[in-house]
Amino acid sequence: MNKLKSKMIIIIAIMTIITTGCNISAINTANPKDNIEENEDENQEKENDLEDSDKSEDKEDEKKDNEKEEEKQVKEIDLQKVKPNEAGQVMVLMYHSIGEPEGQFRRTPDNFRKDLKILYEKGYRPISLEDYVTGNITTEAGYTPIVLTFDDGWQDNFNLIETKNNKTKIDPDCAVAILEEFNKKHPDFPLEATFFVNMYPFGQQKYIKEKLKYIVDKGMDIGNHTINHANFSKANITKIQKELSGIVKMVNNNIDYNVNTLSLPFGERPDNKDLYKYLESGEYEGTEYKNIAILNVGWDPDKSPYHNKFNRHSIHRIRASDLEKYVQGVGMYDWMKHFETGARTKYISDGNSDIVTVPKGFEDVIDDDKIKNKNLRVYTIKK
Ligand SMILES: [Zn+2]
């Protein structure tokens, strides 16, 4: 009975996304009726598929396996306890320098440690920017993904201290060391962060290769912040392509790594919207680039990557600070409070990257194209 129930839930969920998808496309087509009928045919086909599989032995086995798999996934968590909501919002946190003294673009090492501790205690867990925008969210059930970003490639993001005999050690107060130290103490707080760099990242150019390699080897990421920290508002096509391909070239001159994310200096886009596409991809003197995520300077959490209004080419960020003078009511501590009071809804993972789980009422905002081949699971929170 339970098996049947869980199967039904998944079928209902699939039907729901198909219906939702059709409502969305209906708005965008000249002849909505055609579109709806087409989708109904698809539904019929899906039902037929299920019936057909009863007739074939091979398919029967396959089906049993699938059922077992589904059963396992459904059993994995107690929905009423975990209350996953994968339509909720995600904080993409923006840091710059990690050093003294605290300022608008600088967080002290101790304050950065405090941020990590509080994020950890309140159930936030880092994921990579790529996993966020592609919806590959593997965050443990009941926890909330966050994305950590650092702009400008400050030396205090990754500083090496020279010791005797031409050796170096990592400065324990730089961002990389603090992140690693925290991850060592709390292995369930993944070592994920993106460092958005300009032409000469992290000072100490003689260690550039070593530093870039270290970051990537540890599973963290390097992002594009343009060669010259360029303001793109008045930039032309050539300027944009030169600035963006330059970072790809610099990184690839040092290590084999695909730079595929961009944080816009000053959060500035070209005034001419026709040029936006060159932020996404382009080429200059034989070096190509393609950005799967473009980050703004921002003030609020962004949407679930499965949300129909999520735009991976315009991602909001939040200042990671608690200094009111700089965050003005829209810093990361403010948003954590709004999540706690329920003024905003945060993303809560179901722990399964193959299923998108939302409480009833949220299924309408889930975009079929964005969840791709994942199953949508809708459940009712019992009072
Ligand atoms: Zn910057």
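These numbers come from a predicted model, not from an experiment.

**So, the overall build of the chain**
Part 1 of the reasoning: From N to C terminus, the chain includes 13 helices and 16 strands.
Part 2 of the reasoning: For the chain, buried positions account for 34% of its 383 residues.
Part 3 of the reasoning: Long-range pairs, those at least 24 residues apart, make up 67% of the contacts in the chain between residues at least 6 apart in sequence.

**Brief notes about the nonpolar core**
Part 1 of the reasoning: Membership of the largest hydrophobic core comes to 61 residues, with the highest contact counts inside it found for Met91, Val92, Leu93, Ile146, Val147, Ala175 and Ile318.
Part 2 of the reasoning: Examining the composition of this core, we find that six residues originate from one element, helix H9 (residues 237-254), more than from any other.
Part 3 of the reasoning: Leave out the neighbours within four places in its chain, and methionine 91 touches Ile146, Pro301, Ile318, Met332 and Trp335.
Part 4 of the reasoning: Counting seven residues, the second-largest nonpolar core is a separate cluster that includes Ala87, Ile355, Ile366 and Leu376.

**Observations regarding helix H8 (residues 208-217)**
Part 1 of the reasoning: Every buried residue of H8 is listed here: Lys211, Leu212 and Ile215. Along the axis of H8, the buried residues cluster in a sector spanning 95 degrees; they form a single face. Of the residues in H8, the exposed ones pointing more than 90 degrees away from the buried face are Lys209 and Asp217.
Part 2 of the reasoning: Among the residues trailing H8, glycine 219 stands out with phi positive, at a value near 90 degrees.

**Structural notes on the pairing of strand E15 (residues 355-359)**
Part 1 of the reasoning: Across the five residues of E15, four count as buried, placing the element largely inside the fold.
Part 2 of the reasoning: With five bridges joining them, E15 and strand E16 (residues 375-379) adopt parallel strand pairing. By the bridge assignment for E16, valine 356 is matched with leucine 376.

**Here's the deal with the environment of isoleucine 222**
Part 1 of the reasoning: Here isoleucine 222 lies in strand E9 (residues 221-224).
Part 2 of the reasoning: Given 26 C-beta atoms within 10 Å, isoleucine 222 falls into the buried group.
Part 3 of the reasoning: In this structure, the C-alpha to C-alpha distance between isoleucine 222 and valine 197, residues 25 residues apart in sequence, is 7.1 Å.
Part 4 of the reasoning: If near-sequence neighbours (up to four positions away) are discounted, isoleucine 222 is found in contact with Phe195, Val197, Leu212, Ile215, Val216, Val251, Tyr257 and Val259.

What counts and how
Residues numbered from 1 in each chain as written. Predicted model: local features only at pLDDT ≥ 70, side-chain atom pairs only at ≥ 80, totals over all residues. Helix = DSSP H or I, 4+ residues; strand = E, 2+ residues; numbered from the N terminus. Buried ≥ 20, exposed ≤ 12 C-beta atoms within 10 Å, placed from the backbone. Contact = placed C-beta atoms within 7 Å. Core = buried A, V, L, I, M, F, W, Y, C linked by C-beta atoms within 7 Å. Arc of directions from axis to C-beta. Pairing = 2+ DSSP bridges.

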